[in-house]
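# Tertiary structure, described
Letter by letter, the chains look like this.
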Amino acid sequence: MSFPKQLDELKSLRQWVAYRLIWNEKKGKADKRPIDPHTGNGAKANDPSTWGSYDEAMNFAVRQGLIASQSGGVGFEFGNGYCGIDLDNVVLEDGRLKPFASEIVNLMNSYTEYSPSGKGLHVLCKLSVSLLEFGTRRRNDEIGLEMYDSGRFFTVTGDVFGGGEAKAVENRTQEARKIYERYFHVDGVKNLNTPHLRMSSEKFFDGLTDSELWQRIFSSQHGREIFDLYQGNLSSYADDHSRADLALCSHLAYWTNCDEARMDRMFRQSGLMRPKWDERHGAQTYGAMTLGVALRSVTPYIPVYSYSDSQIAEAISSRFIDTQNLYSKVEAEMPSLRFVGEYLEQKFKGDVDRFSGYKYRKTGFSNLDEKISLYPGLYVLGAVSSLGKTTFIGQLADQLAEAGDHVLYFSLEQSEFELVSKGISRMTARENLETAVSAIKIREGYLSDSVERAIENYRSIAGTEAIIECGFDTTVVTITDTVRDYISKTGIQPVVIVDYLQIVRPIDIRQTAKDAVDVHVRAFKKLQVDNDLVVILISSLNRANYLTPVDFESFKESGGIEYTADVIWGLQLEVMNSEIFDGDKKLKQKREIVRQAKNENPRKIELVCLKNRYGISNYHCEFLYYAQYDLFVPLGDEKTEKIRIVF
């Protein structure tokens, strides 16, 4: 599969996914399932951490045989100003286009290619504004037309429409607006010239009851569409409940004049209402987040007749601020507030110097250190049992201490004796695998010459590492107070490790497990921010993840972790990349594959990055895990081949 040079600018972006065709019995056609090219899991349209580069997506599709078997390919996720127009079943048998499709293609005059079926077209272009400026509708099923600039991906075939020279991907903002106005109808276009006032002559229906307002809404230009949503009909949104929720909320934002409480009340009266509306995702419910997105797309109506000409002029020009005396006034009356201009003058360069100094802090794992530096932040590592998450973090702690960092390791499950004996065993393996001694034999008193040397070596590298045995009654306050006390007494900012998150006892026994974890994650984040620390939390995963690749849903109480952590890692068996783990069937076969993989020596383990606020997030690192010696060896490290020869 080759693409024309006109797509080179898209190929340079990290907005690519692979996809696989999955037959949908209900629809009678194949769905295109987007795939994260790094993990093989499902990609998410609004989560760039599940996207990759063009080369990564293409290599995955080739390795999996998707292109050769015509069972899939690669696609482009929209965002960053790129827009796609999908024309479905518009190519006639003689190769000509339906009249409306021909009009759109000629008007857009941008890169156009055939869809995989050969019966449709995809037009790719750039926009200077969001489609939300045009309105909220994205589909016209009567003619088979869709338009997206986010929340969707398009398959990319490289099969140029007409077979001639491809057109470049051009900026077509005004042309797209014309198409939208003609085929989607404008519903609540913002007035971009007056950011503070929505100039309109229509009266607002504040005095109506909810029932009366619904009737006005149903009688409006888009009343049929809104009535379908009110009844819970998802057909216009491809059965995508979340998109339908947002569409109804956007209409309600307009008709209630951005009255969030009334929007919530009226949404609950609709057929779209479901328990998910009140589910919490971090600090907010799903409903509150949906209402927030809808409110950002609508400007409240302010009757012009209630303002004088001078007041209107003042409102429009209020963005031009006289900063001459503003800083001193704010400093006197609002000491906690600082404008960006003042921050740039007083503090920004110092923060740059401070932050850039952390780029040299490394984990000690050669393959991981090629991807990241350990900047101050909240890190979470999750894995199912038997994959060595405690060993991995314990080895990382040793390597940080060896590099001179101070480490406070809060162990809520294993004793200092257990963890130190693991470290000694690891040292014997690092010295010589042929004479290495396991941790259990060391605990049993087998103190050979290699063990004695390892003890001395371990003492020399671990002098700045402290293991704090906590027990099951430890609270987050115990841990954070210990860290603050350490900083106060030593003046040193340690790396803080908590093993593990779900064992930390709730302060309030009435809290659910989910609420407790959310509270603890926020407390550790505050500790991290207040003291500019690296804080690493070990987390367990859901039992349902034992036979599936690791992803955000794998983490217990994933809301608090997903939204608060700066970096999220997951450990998984390398076999989880096999195609068999994509579906829900063949459980017996999956269990046998996992059992065999766990019995391998060494085990092949993969670290997957799901989120990274400090750089590239779509990466993975492979390791050989020698469980008997509590040792992780980076695959590709120069020592790896020596270890393989020994074993």
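Scroll up to find the structure.
Residues numbered from 1 in each chain as written. Predicted model: local features only at pLDDT ≥ 70, side-chain atom pairs only at ≥ 80, totals over all residues. Heavy atoms only, no water.

With that settled, consider the overall build of the chain. Helix and strand counts for the chain come out as 23 helices and 20 strands. Within the chain, the fraction of its 647 residues that count as buried is 49%. When contacts within the chain are restricted to residue pairs at least 6 apart in sequence, long-range pairs at least 24 apart make up 70% of them. When the accessible surface of the chain is totalled, it reaches about 31500 Å², and 50% of it is carbon and sulfur. (Helix = DSSP H or I, 4+ residues; strand = E, 2+ residues; numbered from the N terminus. Buried < 20%, exposed > 50% of the residue type's maximum accessible area, 1.4 Å probe, protein only. Contact = heavy atoms within 4.5 Å. Areas by Shrake-Rupley, 256 points an atom, 1.4 Å probe, with all protein chains shown as cover.)

Before going further, it helps to spend a moment on the packing of helix H7 (residues 241–255) against helix H9 (residues 286–296). In the contact formed by H7 and H9, the axes pass within 8 Å of each other and the chain directions differ by 55°. Considered as vectors, H7 and H9 are oriented oblique to each other. When you trace H7 past H9, the crossing you get is right-handed. Side by side, H7 and H9 meet where Ser242, Asp245, Leu246, Cys249, Ser250 and Ala253 of the first sit next to Tyr286, Thr290, Leu291, Val293, Ala294 and Leu295 of the second. Tallied by class, the residues present in the contact of H7 with H9 amount to eight nonpolar, three polar and one charged. (Axes fitted to C-alpha atoms, helices over the stretch in contact; angles between N-to-C directions. Parallel < 35°, antiparallel > 145°, perpendicular 65-115°, else oblique. Left-handed = near helix turned anticlockwise from the far one by under 90°. Nonpolar A, V, L, I, M, F, W, Y, C, P; charged D, E, K, R; others polar.)

Ranked by size, the top nonpolar core spans 75 residues in total, and within it Leu368, Phe392, Phe524, Trp569 and Leu607 carry the most contacts. Ignoring any residue separated from it by four or fewer positions in sequence, one finds Trp569 in contact with Leu368, Ile372, Leu374, Tyr379, Val380, Leu381, Gly382, Phe555, Leu607, Val608, Cys609 and Tyr619. (Core = buried A, V, L, I, M, F, W, Y, C linked by side-chain atoms within 4.5 Å.)

The four strands lie next to each other as S2-S1-S3-S9, forming an open sheet whose pairing is antiparallel. What marks the edges here is a single partner per strand, and that holds for strand S2 (29–35) and strand S9 (153–155). Direction aside, the axes of adjacent strands within the sheet are offset by 40° on average. Here helix H2 (residues 54–63) sits on the sheet and contacts strand S1 (16–24), S2 and strand S3 (72–77); the angle it forms with S1, its principal contact strand, is near 40°. (Pairing = 2+ DSSP bridges.)

This paragraph deals with the pairing of strand S18 (residues 603–612). For S18, the tally of buried residues reaches nine of 10 residues, placing the bulk of the element in the interior. In terms of strand pairing, strand S17 (residues 567–573) meets S18 through seven bridges, oriented antiparallel. When the bridges of S18 are listed, Leu573 appears paired with Ile605. Both S18 and strand S19 (residues 620–626) contribute to a ladder of six bridges, which runs antiparallel. Bridge pairing in S19 links Val608 to His620.

Below, the discussion takes up the pattern of salt bridges. Note that side chains of opposite charge can pair when their charged atoms are close. For the coordinates displayed, the defined rule picks out 27 salt bridges. With its nearest N and O atoms 2.9 Å apart, the salt bridge here joins Arg139 to Asp141. In this structure Arg139 comes out as buried when scored by relative accessible area, which is 17%. By relative accessible area, which is 43% here, Asp141 ends up partly exposed. Across the pair Arg139 and Glu146 runs a salt bridge whose closest N-O atoms are separated by 3.4 Å. Given the relative accessible area of 18%, Glu146 is considered buried. Residues participating in the shared-partner salt-bridge network are Arg139, Asp141 and Glu146. (Salt bridge = Lys/Arg side-chain N within 4 Å of Asp/Glu carboxyl O.)

Attention shifts here to the environment of Asp566. Examined against the element boundaries, Asp566 turns out to sit in the loop between helix H21 (558–564) and S17. Sequence separation between Asp566 and Asn612 is 46 residues; the distance between their C-alpha atoms is 5.9 Å. Here Asp566 is in contact with Gly377, Leu378, Lys525, Gln528, Lys611, Asn612, Arg613 and Tyr614, once residues within four sequence places are set aside. Polar contacts involving the side chain of Asp566 include one to the side chain of Arg613, which spans 2.8 Å. (Polar contact = N/O pair within 3.5 Å; in protein donor to acceptor, adjacent residues only side chain to side chain.)

With that settled, consider the sheet that holds S17. The strand order across the open sheet formed by nine strands is S14-S13-S15-S16-S12-S17-S18-S19-S20, and the pairing between neighbours is mixed. Because the sheet does not close on itself, it has two edges, and the strands there are strand S14 (465–469) and strand S20 (631–634). Across the sheet, the axes of successive neighbouring strands diverge by a mean angle of 25°, strand direction being ignored. Here strand S15 (residues 495–499) runs beside strand S16 (residues 534–539); their pairing, made up of four bridges, is parallel. Residue pairing in the sheet places Val496 in a bridge with Val535 of S16. Here helix H19 (residues 476–490) sits on the sheet and contacts strand S13 (407–411) and S15; the angle it forms with S13, its principal contact strand, is near 160°.

Our next topic: the side chain of Asp630. By the secondary structure assignment, Asp630 is in the loop between S19 and S20. Of the polar contacts made by the side chain of Asp630, one reaches the side chain of Thr391; its length is 3.1 Å. When residues no more than four places from it in sequence are discounted, the contact partners of Asp630 are Thr391, Gln395, Lys422, Arg426 and Ala439.

What follows covers the packing of helix H8 (residues 260–267) against H9. Angle between the axes and distance between the axes: these two values describe a pair of packed helices. Two elements in contact, H8 and H9, have axes whose closest approach is 11 Å; the angle formed by their N-to-C orientations is 120°. When the axis of H8 is compared with that of H9, the two are oblique. Like other packed secondary-structure pairs, H8 and H9 cross with a definite hand, here right-handed. Along the contact surface, H8 presents Glu260, Met263 and Asp264, while H9 presents Ala288, Leu291, Ala294 and Leu295.

With that settled, the discussion passes to a nonpolar patch on the surface. Where nonpolar side chains cluster on the molecular surface, the patch consists of Val340, Leu344, Phe348 and Val352 and spans about 360 Å² of accessible area. Elements with a contribution of two residues or more to the nonpolar patch: helix H12 (340–346) and helix H13 (348–356). Relative to the assigned elements, Val352 resides in helix H13. (Patch = residues over 30% accessible without salt bridge, like charges linked within 9 Å, V, L, I, M, F, W, Y side chains within 5 Å.)

Moving on: H2. Because each turn of an α-helix spans 3.6 residues, side chains separated by three or four positions in sequence point in the same direction. Burial in H2 covers these residues: Tyr54, Ala57, Met58, Phe60 and Ala61. The buried side chains of H2 occupy one side of the element, clustering within an arc of 160° when seen end-on. Residues Asp55, Val62 and Arg63 are exposed on H2 and point more than 90 degrees away from its buried face. Summarising the contacts, the buried residues of H2 are in contact with helix H1 (8–11), S1, S2 and S3. Just downstream of H2 lies Gly65, where phi reads positive at about 75°. (Arc of directions from axis to C-beta.)

Below, the discussion takes up the pairing of S3. Among the six residues of S3, six are classified as buried, and the element is accordingly described as predominantly covered. Sheet topology places S1 next to S3; five bridges connect them, and they run antiparallel. Its bridge partner being in S3, Val17 is matched across the sheet by Gly75. With three bridges joining them, S3 and S9 adopt antiparallel strand pairing. Bridge assignment links Phe76 to a residue of S9, and that residue is Phe154.

Evaluated as defined, the whole model comprises zero disulfides. Here Cys621 stays unpaired: no disulfide links it, and the sulfur of Cys609, its closest cysteine neighbor, is 8.7 Å away. Residue Cys621 is classed as buried on the basis of its relative accessible area, which comes to 2%. (Disulfide = S-S within 2.5 Å.)

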